[in-house]
Amino acid sequence: MSAHAQPFDQQRYQVRFEWGADGLARLDPADIVVVVDVLRFSSAVVDELDAGEPVALDAAAHAVSLNGALVAERAAETGALVMLGCLRNAAAVADAVLAEQARRGARTSVAVIAAGERSGPNAGAVVRFAVEDQLGAGAVIDALGGRGIDHTSPEAAAACEAFRGLRGAVRHLLTAAGSGQELLERGLRDEVLAAAELDASTSVPVLRDGVFVSAESSRRGGSRV
């Protein structure tokens, strides 16, 4: 551990994992931050990009969820490249991270942040564990490992193994967990089931000047991922 490292900053690891805006602040700054808010922020933005529409951060936050939006906003303030990950695009996120590492020509650190549930629009503290975000983060970390980006912190490794062990039950877990039940009561069962589909999309939302665009579009435009 370096002279400036702290016990909980996961600095020595390439792939890190934490919860919420407070967790992001505990980590050593990473080159890439992947925000995971499966129900519903990350999944909804992925769907919008699948339809060919860029998504403003503020608009998505108010229309869908404040949890992931807050983490994405805080991550952007660190200067990191901010992506959104979920079950639907876990493999695509890993591919985008690998492409960014190749572009940089150097080992690239990745912080995977599960949004969890929090209280109030300006609160940073996670007040409830969210099963869907644990599984979504684990799926992203597992996909990264499959591409050789596997120097993971213990926290990241535990999230990854949770996903691997429960992969066959993801659909049931999302509909049975608290967040899923809340959405089912609002008549959004189809949305929950869609969010449970693993690697159904190749869209990777990347935050650019307050707007989420696809990683592929950014590469075609000549900029970094």
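About the criteria used
- Residues numbered from 1 in each chain as written.
- Predicted model: local features only at pLDDT ≥ 70, side-chain atom pairs only at ≥ 80, totals over all residues.
- Heavy atoms only, no water.
- UniProt positions renumbered as here; feature names shortened; annotations may be inferred.
- Buried < 20%, exposed > 50% of the residue type's maximum accessible area, 1.4 Å probe, protein only.
- Helix = DSSP H or I, 4+ residues; strand = E, 2+ residues; numbered from the N terminus.
- Salt bridge = Lys/Arg side-chain N within 4 Å of Asp/Glu carboxyl O.
- Axes fitted to C-alpha atoms, helices over the stretch in contact; angles between N-to-C directions.
- Parallel < 35°, antiparallel > 145°, perpendicular 65-115°, else oblique.
- Contact = heavy atoms within 4.5 Å.
- Nonpolar A, V, L, I, M, F, W, Y, C, P; charged D, E, K, R; others polar.
- Disulfide = S-S within 2.5 Å.
- Pairing = 2+ DSSP bridges.

If you check an unreviewed UniProt entry, the protein chain appears there as Probable 2-phosphosulfolactate phosphatase from Microbacterium hominis. Under Sequence similarities (unreviewed entry), UniProt gives the following word-for-word description of the protein chain: "Belongs to the ComB family." According to the UniProt record, the Cofactor (unreviewed entry) comment for the protein chain reads "Mg(2+)".

Participant: Looking at this model, I keep getting lost on helix α2 (residues 41-50). Mind explaining?
Facilitator: Since one α-helical turn is 3.6 residues long, residues separated by three or four positions face the same way. Counting buried positions over the ten residues of α2 gives seven, a clear majority of the element. Within α2, the full set of buried residues consists of Phe41, Ser42, Ser43, Ala44, Val45, Val46 and Leu49. Looking one or two places after α2, you find Gly52, whose phi comes out positive at around 85°.

Participant: Could you clarify how one ought to interpret the pattern of salt bridges in this entry?
Facilitator: Any two side chains of opposite charge can pair, given that their charged atoms come close. Throughout the structure, instances matching the rule amount to ten salt bridges. The partner of Arg26 in a salt bridge is Glu18, with the nearest N and O atoms 3.0 Å apart. Judged by its relative accessible area of 41%, Arg26 falls in the partly exposed class. Residue Glu18 is classed as buried on the basis of its relative accessible area of 12%. Through salt bridges that share partners, Asp31, Glu100, Arg103 and Arg104 make up one connected network.

Participant: Is there a simple way to think about the packing of helix α6 (residues 131-146) against helix α7 (residues 154-166) in this case?
Facilitator: Two numbers describe a pair of packed helices, the interaxial angle and the distance between the axes. Here α6 crosses α7 at 100°, and the two axes come no closer than 7 Å. On the basis of their axis angle, the class for α6 and α7 is roughly perpendicular. Across the interface between the two elements, Gln134, Leu135, Gly138, Ala139, Ile141 and Asp142 of α6 pack against Ala156, Ala158, Ala159, Cys160, Ala162, Phe163, Arg164 and Leu166 of α7. The residue makeup of the contact of α6 with α7, split by class, is ten nonpolar, two polar and two charged.

Participant: Looking at this structure, I do not really get the state of the cysteines. What am I missing?
Facilitator: Linking two cysteines covalently through their sulfur atoms gives a disulfide. In this structure the tally under the stated criterion is zero disulfides. In this structure Cys160 is a free cysteine whose sulfur lies 17 Å from that of Cys86, the closest cysteine sulfur available.

Participant: Mind showing me how you'd approach the pairing of strand β9 (residues 211-214) here?
Facilitator: Look at any regular strand and the pattern is simple: side chains alternate between the two faces of the sheet. Here β9 shows a clear split, with Phe212 and Ser214 buried on one side and none of Val211 and Val213 buried on the other. Pairing of strand β3 (residues 55-56) with β9 involves two bridges; the strand directions are antiparallel. Opposite Ala56, over in β9, you have Val211 as the bridge partner. In terms of strand pairing, strand β8 (residues 205-208) meets β9 through four bridges, oriented antiparallel.

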